[in-house]
Amino acid sequence: MKKMAPWIITILLALILVVMAAYLVMTMNNKSGSTTSATPKVEEKKLSADELVKVTSTMEQVKTNLSDPNYVVIMDFAFQFNDSSSKEAFDKIMNFNAKSIIIKTLADTKPNELTGAKGKDQLANKLKNLINQTLPEGNIVQIDITNFIMSTI
């Protein structure tokens, strides 16, 4: 029995190590698969075209420099709200409140952060969170970038 003890201990340690590794892999996969978004998920219902027009507001020709002063962007946005009263409230503050938030956010953005769909989605989510904080009522469900031109000066 004394000759088998080191083998039994080695096998038990190996099994424990394999179980621990499997546990760590499973917990890491669960963490990376979960959403880490700070905004709560809101179930969206499909809207008809007429309903969509009633809850959507547009902002056109936002022109500003990025954090690199050699780059300028011209952008158009479409803001979709949870209801028409939220849209009306937004339309009242759009040109002096929301536009300044957009310009300040773009002023802190580097040109390479806006390349590709992922960069534009990140900008839209950041703007949605910032503007939702200032809305007097309701909230923005989605922001779409409807026109995007980035150029060097």
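To start, this report covers the structure provided alongside it.

What to know about the sheet that holds strand β3 (residues 140-152)
In sheet architecture, strand pairing relies on hydrogen bonds along the backbone and comes in two forms, parallel and antiparallel.
Next, step 1: Taken together, 3 strands build an open sheet; the order of strands is β1-β2-β3 and the sheet is antiparallel. Unpaired on one side and paired on the other, β1 (56-65) and β3 mark the two borders of the sheet. Put simply, the sheet's adjacent strands are angled 15 degrees from each other on average, direction ignored.
Next, step 2: Note: strand β2 (residues 71-81) against β3, 11 bridges, orientation antiparallel. Within the sheet, the bridge partner assigned to V73 lies in β3 and is M150.
Next, step 3: Sheet strands touched by helix α3 (residues 84-107): β1 and β2. Its angle to β1, the strand with the most contacts, is close to 25 degrees.

Details of the pairing of β2
Next, step 1: Of all 11 residues in β2, 8 are buried; the element is thus mostly enclosed.
Next, step 2: With 8 bridges connecting them, β1 and β2 associate as antiparallel partners. In the strand pairing of β2, T58 is matched with A78.
Next, step 3: From the end of β1 to the start of β2, which pair antiparallel, there are 5 residues.

What counts and what doesn't
Residues take numbers from 1 onward in each chain, read along the sequence in its written order. For a predicted model such as this one, the threshold for reporting local features is a pLDDT of at least 70, and the threshold for listing and counting side-chain atom pairs is 80 or more; totals across whole chains, interfaces and linings nevertheless cover every residue. Side-chain metrics rest on all non-hydrogen atoms present in the structure, leaving aside hydrogens and water. For two strands to count as paired, DSSP must find a minimum of two bridges between them. Numbering of helices and strands starts at the N terminus; helices are DSSP runs of H or I of at least 4 residues and strands are runs of E of at least 2. Axis geometry follows a simple rule: fit a line to the C-alpha atoms, using only the stretch in contact for helices, then measure angles between N-to-C directions, giving values from 0 to 180 degrees. The criterion used for residue contact is that any of the two residues' heavy atoms lie within 4.5 Å. Using a 1.4 Å probe on the protein chains alone, a residue whose accessible area is under 20% of its type maximum counts as buried, one over 50% counts as exposed, and one in between counts as partly exposed.

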